[in-house]
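Structural description and commentary
Here is what each chain is made of, one letter per residue.
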Amino acid sequence: DCICNVGYHGYDGRACDACAMGTYKGVNGSGSCTDCTAGTYLNATAGSVCISCPANTQSPTNSKRLKDCICNVGYHGYDGRACDACAMGTYKGVNGSGSCTDCTAGTYLNATAGSVCISCPANTQSPTNSKRLKDCICNVG
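I will try to describe carefully the structure that is included in this document. (Residues numbered from 1 in each chain as written. Predicted model: local features only at pLDDT ≥ 70, side-chain atom pairs only at ≥ 80, totals over all residues. Heavy atoms only, no water.)

Digging into the environment of C69
Selection criterion: In this description a helix means any DSSP run of H or I spanning at least four residues, a strand means any run of E spanning at least two, and both kinds are numbered starting from the N terminus. Here's how the labels work: a residue is buried when its accessible area is under 20% of the maximum for its type, exposed when over 50%, partly exposed in between, all with a 1.4 Å probe on protein chains only. Here, two residues are considered to be in contact whenever any of their heavy atoms come within 4.5 Å of each other.
Along the chain, C69 turns up in the loop between β7 (57–58) and β8 (70–71). Classification of C69 as buried rests on a relative accessible area of 0%. Separated by 29 residues in the primary sequence, C69 and T40 place their C-alpha atoms 7.7 Å from one another. Non-local contacts of C69, meaning those with residues more than four positions away in its chain, are made with Y41, C53, P54, T57, Q58, S59, D79 and G80.

Things to note about the pattern of salt bridges
Stated precisely, the cut-off is as follows: What makes a salt bridge here is a side-chain nitrogen of Lys or Arg within 4 Å of a carboxyl oxygen of Asp or Glu, nothing more.
Counted according to the given criterion, the structure contains two salt bridges. The partner of R65 in a salt bridge is D68, and the shortest N-O contact between them spans 3.3 Å. R132 serves as the salt-bridge partner of D135, at 3.0 Å between the closest nitrogen and oxygen. Given a relative accessible area of 42%, R132 falls into the partly exposed group.

Here we look at the state of the cysteines
In plain terms, the rule: The term disulfide is used for any two cysteine sulfur atoms that are within 2.5 Å.
Under the defined criterion, the tally for this structure stands at eight disulfides. Between the sulfur atoms of C36 and its disulfide mate C50 the distance is 2.0 Å. Classification of the bridge connecting C36 and C50 rests on its S-S torsion, roughly -85°, and on that basis the disulfide is left-handed. Taken as a pair, C36 in the loop between β4 (34–35) and β5 (40–41) and C50 in the loop between β5 and β6 (51–52) lie far apart in primary sequence, 14 residues in all. Across the disulfide, C86 is cross-linked to C100 (sulfur-sulfur distance 2.0 Å). Across the disulfide from C86 to C100, rotation about the S-S bond amounts to roughly -85°, and the bridge is consequently left-handed. Separated by 14 residues along the polypeptide, C86 in the loop between β10 (84–85) and β11 (90–91) and C100 in the loop between β11 and β12 (101–102) bring together distant segments of the chain. For C86, a relative accessible area of 1% corresponds to the buried category. In this structure C2 is not part of a disulfide, and its nearest cysteine sulfur, from C16, lies 8.1 Å away. Looking at C138, it has no disulfide partner, and the nearest cysteine sulfur is the one in C136, 10.0 Å off.

Things to note about unusual backbone geometry
Glycine aside, residues mostly have negative phi angles, and peptide bonds mostly take the trans form. Backbone geometry at N56 places phi at a positive 65°, although glycine is not the residue there. Here N56 shows up in the loop between β6 and β7. Assessed through its relative accessible area of 29%, N56 is described here as partly exposed.

With respect to the side chain of S59
For the record, the criterion: Two N or O atoms form a polar contact when they lie within 3.5 Å of each other; inside protein one atom must be a possible hydrogen donor and the other a possible acceptor, and for residues adjacent in sequence the pair counts only when both atoms belong to side chains.
Among the secondary structure elements, S59 is positioned in the loop between β7 and β8. Residue S59 is classed as buried on the basis of its relative accessible area, which comes to 6%. Among the polar contacts made by the side chain of S59, one reaches the main-chain carbonyl oxygen of T40 at a distance of 2.9 Å. If we skip the residues at most four places from it in the chain, S59 touches A38, G39, T40, C53, D68 and C69.

Considerations on the environment of D84
Summarising the element assignment, D84 is placed in strand β10. Residues D84 and N43, 41 residues apart in the sequence, show an inter-C-alpha distance of 24 Å.

That's the geometry; what it means functionally is another story.
Following this line, the structure appears as structure tokens:
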């Protein structure tokens, strides 16, 4: 009896079709293709395994291109490439390519890969791009 190869779907003894991009089948035999999970992609047909996205990126289920891997919140870079953490005092609150933004006056961020800056305590102020709570100083008066 003929069986479908890895990367091909159908019923044993019948014609088999290649799994579409973004889907895979890792075993021989009858059965269907499975969508690549979030954080992976497959840019070819007849695939047997999906490819992991680069570091600090994510992709939706059934991704078909490396460019579907976009930077996580708190990381900057370009789609399809490994992304770098935003430095202390900067943040990025959305997924995707782009740069980090300085924390505004009156806020700080004391960690890398931040998605939101922390407000200074009441009656204190800090300069733009503050990195520590210590940067929040008492208001005059």
